[in-house]
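Coordinate analysis (summary)
Next come the chains, spelled out residue by residue.
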Amino acid sequence: MTDMNAFLEPGMLVRNPSAPEWGIGQVQSVIDGRITVNFREMGKMVIEGSRVSLDPVFDAG
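Reference entry: report on the structure contained in this document. (Residues numbered from 1 in each chain as written. Predicted model: local features only at pLDDT ≥ 70, side-chain atom pairs only at ≥ 80, totals over all residues. Heavy atoms only, no water.)

On to the nonpolar core, then. Nonpolar side chains in soluble globular proteins tend to end up buried together. Within the largest apolar cluster, 10 residues are counted, these being Leu 8, Val 14, Ala 19, Trp 22, Val 27, Ile 35, Val 37, Phe 39, Ile 47 and Leu 54. With three residues, the top contributor of residues to this core is strand S3 (residues 34-39). Those residues within four positions of Leu 54 in sequence are excluded, and the remaining contacts are Asn 5, Phe 7, Leu 8, Val 14, Arg 15, Asn 16, Pro 17, Ile 35, Val 37 and Ile 47. (Core = buried A, V, L, I, M, F, W, Y, C linked by side-chain atoms within 4.5 Å. Buried < 20%, exposed > 50% of the residue type's maximum accessible area, 1.4 Å probe, protein only. Helix = DSSP H or I, 4+ residues; strand = E, 2+ residues; numbered from the N terminus. Contact = heavy atoms within 4.5 Å.)

Structure follows, in structure tokens:
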């Protein structure tokens, strides 16, 4: 499988479209296809980039 989130970098804001209740999250790290994101409503989560595609958030207002 390919990493659908290869463009993500620490500091970027994202949403998990399959779990919108998590709210907006900030990417903490991207290492070997695993993305650590700190979500407002869920806390810190490690996401497998080859299985879940995160949506970038450009307007968090």
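Time to look at the packing of aromatic side chains. The geometry of an aromatic ring pair is captured by the separation of the ring centres together with the interplanar angle, meaning the angle of the planes. As enumerated under the stated definition, the model contains one aromatic pair in all. A centroid spacing of 5.1 Å and a plane angle of 65° characterise the contact between Trp 22 and Phe 39, whose relative ring orientation is edge-to-face. Note that Trp 22 is positioned in the loop between strand S1 (13-15) and strand S2 (25-31) and Phe 39 in strand S3, a separation of 17 residues in sequence. For the pair Trp 22 and Phe 39, one class covers both residues: buried. (Phe/Tyr/Trp six-rings, centres within 6.5 Å; stacked < 30°, edge-to-face > 60°.)

So, about the pattern of salt bridges. The full count for this structure, using the stated rule, is one salt bridge. Across the pair Glu 48 and Arg 34 runs a salt bridge, and its minimum N-O distance is 3.5 Å. Note that Glu 48 is positioned in strand S4 (residues 43-48) and Arg 34 in strand S3, a separation of 14 residues in sequence. By relative accessible area, which is 28% here, Glu 48 ends up partly exposed. (Salt bridge = Lys/Arg side-chain N within 4 Å of Asp/Glu carboxyl O.)

Purely spatial values, then, with no claim about function.
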